[in-house]
Amino acid sequence: MKTTVEKHGILSKLMAAVLLFSIFTVNPIHADYYDEEEGDELPEKCTAVYVGKDVSAEGTRIIARSEDQHFSAYNKMFLVEPRKSEEGRVMVDTGDRQNDFSVPIPTDTYKYTYLLNGTGLPDGPCYASCMNEYGLAAVGTVTTYVSAEYKKIDPLKKDGEGIREAILPALIACQAKNCEEAVEILGKYLAEYGSSEYNTMLFSDPTSAWIFEIYGGYSWAAMKLPDDQMSVFGNQVMLEYIDFNDTEHWRYSDNLEACLKKIDKPVKNKEGQYHLAKCIDPGARDPKCNMRTWRGHQLFAPKSAGTYSNGTFYPLLFKPEKKVSVVDVMTMFADRYEGTKYDMAKKANESLRSIGVSNQANVHIVQTFDELPAETCQLQWLAMADAEHAIFVPAFSGISDTYKKYKIDNEKEGMINDSYYYLCRKISSLAETDRTYLSQGVKDYNLKEEKKMLQRILKELPLIQEAYQSFDLVGESYVTMLGKEMAEEQYRNAENLYEHLAFTQMYNLNDRNTGTKGKVHFEMPEEQERVKNPIDDAKDF
């Protein structure tokens, strides 16, 4: 970075004032956010991804999700909940209209990482992505929708009377050791308390991954995901033909079959199996959801994707044409239909809904390295703010603490503006003011850094194994130090990037020339080499 930028420190204050206004107003709550007649939020939020280990470039299972909100100023924190032993505890949903609805949790709960909404946000805690000490990851949710007919068959619980997305990931991560336990525990909670939302969750552990769909107050189905396929989907019911006799790959609520039998025109195959998606959410699919599902197929299996159609039920699972890297998944979450007739840069497509949107509060991608000890086998890549311009930073599930900038609760402590979230949001807001010159340069820089971080993570794997073999606390200290170090490095880079963005936007118009092919190039100073004896360093941590 040129030292010239440092001479314009006043720029930060000026741009911060302008950006605070834009952050809070660029994505106001849309008029179509709430369906007053039905009383339901319309399902235009969140996109999910699954990649089986056999089709993964790194040989890892991947579960991932974007947390899309209806406005941009949505501070998130990344924290660690320690193992606890205390009788009589409950998990509380503090969201608006929830009346502090709560459910009991066990006396002994496990250590887990989680995301948390800033104080003052109306949706409650929204834990989003959790990884626990036994190697279970829980990601969710993706909001879905069902037909008017199915709503009457299995009505949702009222607000404040049933379980919501806001607490689901942590509710499972605090007490389940693997995917099958996660499915069983969630099923028991739903049987007793019911659900007040239609939601889909993803679980992974060192040996498997599962998808869990909630269809009503009490009905649900879960399926074990195969290692040789992948999935990308928007806000839709996605499970297909259910086999009620296959207890190895399927789990379901006690009332599901009875609910399906009440459907007037159910869709079945020749074996008499119900097609869950076509029974529960039949007819033409919402293009704001279905097009994202199609785009996943088109990006990773273009030969079989075909042209987009609202009437097509794109399958949950498909085989990618080449192995998928976690970096490919990062790039996908920023996708705006570039290179297609639906490209969001075209004015005619403004009403469409792409995978990459500016109101992503965060995007979390969890990789399972099953060769590592269970307590640290999960690796989360976290982008605070939208994936198009916020960098993904890794942290292992074995950490005992997170970098200090992840912990700043701006909504509680005042608009401090130096939380990880708000720094990334400022970069995103600035880059999006000029997609021709600023946006691509930011994306190029982030991608370069993400690839470097991935290579470092792959090199660190044997060192992590060595640290845990030495002593569990050494391993925990090592991955904690690694996570903090990488987060701090990218935070410093982001500060420099923001300064350079602001300078270029306000003064340095000469960068915008044909020599840079219509984009600004960003580069950071080389970092100092890492300590030579990381294991010994961790022992002293």
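Shown above is the structure to which this text applies.
None of the values given here were measured: they were computed from a predicted structure.

This part is about the sheet that holds strand 17 (residues 250-252). Read across the open sheet, the 8 strands follow the order 5-10-11-12-13-14-15-17; overall the sheet is antiparallel. Each having just a single partner strand, strand 5 (76-81) and strand 17 make up the two edges of the open sheet. On average, each strand axis in the sheet is tilted by 20 degrees relative to the strand beside it, whichever way the strands run. Sheet strands in contact with helix 4 (residues 179-193) are strand 13 (199-204), strand 14 (209-214), strand 15 (220-224) and strand 17, and its direction is about 15 degrees off that of strand 14.

Now for the environment of Arg 295. With respect to the helices, strands and loops of the structure, Arg 295 is situated in helix 7 (residues 287-300). Placed 12 residues apart in sequence, Arg 295 and Thr 307 show a C-alpha to C-alpha distance of 9.9 Å. Apart from the residues within four sequence positions on either side, Arg 295 is in contact with Asp 335, Tyr 337, Glu 338, Thr 340 and Ile 355.

Okay, the state of the cysteines next. All chains considered together, the criterion is met by 0 disulfides. Looking at Cys 46, it has no disulfide partner, and the nearest cysteine sulfur is the one in Cys 126, 9.2 Å off.

Further remarks concern the packing of aromatic side chains. Aromatic ring pairs are defined here through the distance separating the ring centres and the angle between the ring planes. Under the counting rule described, the total for this entry stands at 21 aromatic pairs. Taking the centre distance of 5.0 Å and the plane angle of 80 degrees together, the rings of Tyr 421 and Tyr 422 count as edge-to-face. Here the two residues Tyr 421 and Tyr 422 agree in accessibility, since each one is buried. The structure contains a cluster of three or more aromatic residues connected by ring pairs, namely Phe 78, Tyr 403, Tyr 406, Tyr 420 and Tyr 491. Positioned over the ring face of Phe 313 is Lys 278, at 5.4 Å from the centre of the ring. For the cation-ring pair, Lys 426 lies above Tyr 498, with the distance from its terminal atom to the ring centre recorded as 4.8 Å.

Counted residue by residue, strand 19 (residues 378-384) has 7 buried out of 7 residues, so it is predominantly covered. Residues Gln 378, Gln 380, Leu 382 and Met 384 line one face of strand 19 and the alternating positions Leu 379, Trp 381 and Ala 383 line the opposite face, and both faces are buried. Relative to strand 19, strand 18 (residues 360-368) is paired through 7 bridges, and the arrangement is antiparallel. By the bridge assignment, Asn 362 is partnered in strand 19 with Met 384. Pairing analysis gives 5 bridges linking strand 19 to strand 20 (residues 392-396), with the strands arranged antiparallel. Paired with Leu 379 across the bridge in strand 20 is Phe 396.

What follows covers the packing of helix 11 (residues 420-431) against helix 12 (residues 435-470). Contact pair helix 11 / helix 12: the axes reach a minimum separation of 8 Å and the direction vectors enclose 145 degrees. Residue-level inspection shows Ile 427, Leu 430 and Ala 431 of helix 11 in contact with helix 12, the latter providing Arg 435, Leu 438, Ser 439 and Val 442.

Between Gly 140 and Thr 141 the backbone carries a cis peptide bond, its omega angle lying at 10 degrees. Mapping Thr 141 onto the fold places it in strand 12 (residues 137-143). Positive phi, normally seen in glycine, also occurs at Ala 128, with a value near 70 degrees. Structurally, Ala 128 can be placed in the loop between strand 10 (112-117) and strand 11 (129-132). Positioned with a positive phi, Tyr 337 is a non-glycine residue whose angle comes to about 60 degrees. With respect to the helices, strands and loops of the structure, Tyr 337 is situated in the loop between helix 9 (326-332) and strand 18. With a relative accessible area of 0%, Tyr 337 lands in the buried category.

The full count for this structure, using the stated rule, is 3 cavities of 30 Å³ or more. Within this model, the largest cavity holds a volume of roughly 70 Å³. Lining the largest cavity, in full, are His 389, Ala 390, Ile 391, Cys 424, Ile 427, Tyr 445, Asn 446, Gln 490, Asn 493, Ala 494 and Leu 497. Of all the elements in the fold, those that place two or more residues in the lining of the largest cavity are helix 11, helix 12 and helix 13 (472-506). Element by element, the count of residues in the lining of the largest cavity is highest for helix 13, at 4 residues. A class-by-class count of the residues in the lining of the largest cavity yields 7 nonpolar, 4 polar and no charged. Looking at the second largest cavity, it is lined by 14 residues, and the ones nearest its centre are Phe 78, Ala 395, Tyr 406, Gly 483 and Lys 484.

Here we come to the packing of helix 12 against helix 13. Following both chains from N to C, one finds helix 12 and helix 13 inclined at 170 degrees, their axes separated by 10 Å at the closest point. In terms of orientation, helix 12 and helix 13 fall into the roughly antiparallel class. Classifying every residue of the contact of helix 12 with helix 13 by side-chain character gives 16 nonpolar, 7 polar and 7 charged.

Of the voids in this model, the second largest pocket is the one considered here, and its volume is about 510 Å³. Forming the boundary of the second largest pocket are 23 residues, of which Asp 328, Met 330, Thr 331, Met 332 and Leu 447 lie nearest the centre. For the lining of the second largest pocket, the elements supplying multiple residues, two or more each, are helix 7, helix 9 and helix 12. Sort the elements by how many residues they give to the lining of the second largest pocket and helix 12 lands first, with 6 residues. Residue composition of the lining of the second largest pocket, grouped by class: 10 nonpolar, 3 polar and 10 charged.

The subject of this paragraph is the sheet that holds strand 3 (residues 48-51). In space, the 6 strands of this open sheet follow the order 16-3-4-18-19-20, with antiparallel pairing throughout. In this open sheet, the two strands that pair with only one neighbour each are strand 16 (230-233) and strand 20. Adjacent strand axes in the sheet meet at a mean angle of 15 degrees when their direction is disregarded.

For the rest of this paragraph, the subject is the side chain of Ser 66. Tracing the chain through its elements places Ser 66 in strand 4 (residues 61-68). Of note is the side chain of Ser 66, whose polar atom sits 3.0 Å from the side chain of Asp 68. Each residue touching Ser 66, except ones within four places of it in the same chain, is listed here: Cys 46, Thr 47, Phe 333, Gln 360, Asn 362 and Val 363.

Procedures and definitions
- Residues numbered from 1 in each chain as written.
- Predicted model: local features only at pLDDT ≥ 70, side-chain atom pairs only at ≥ 80, totals over all residues.
- Heavy atoms only, no water.
- Pairing = 2+ DSSP bridges.
- Helix = DSSP H or I, 4+ residues; strand = E, 2+ residues; numbered from the N terminus.
- Axes fitted to C-alpha atoms, helices over the stretch in contact; angles between N-to-C directions.
- Contact = heavy atoms within 4.5 Å.
- Disulfide = S-S within 2.5 Å.
- Phe/Tyr/Trp six-rings, centres within 6.5 Å; stacked < 30°, edge-to-face > 60°.
- Buried < 20%, exposed > 50% of the residue type's maximum accessible area, 1.4 Å probe, protein only.
- Lys NZ or Arg CZ within 6 Å of the ring centre and 35° of its normal.
- 1 Å grid on protein atoms, 1.4 Å probe; cavity = no way out; pocket = protein on both sides within 12 Å on 5 of 7 lines; lining within 4 Å.
- Points joined across faces, edges and corners; volume = space filled by probe spheres on them.
- Nonpolar A, V, L, I, M, F, W, Y, C, P; charged D, E, K, R; others polar.
- Parallel < 35°, antiparallel > 145°, perpendicular 65-115°, else oblique.
- Polar contact = N/O pair within 3.5 Å; in protein donor to acceptor, adjacent residues only side chain to side chain.

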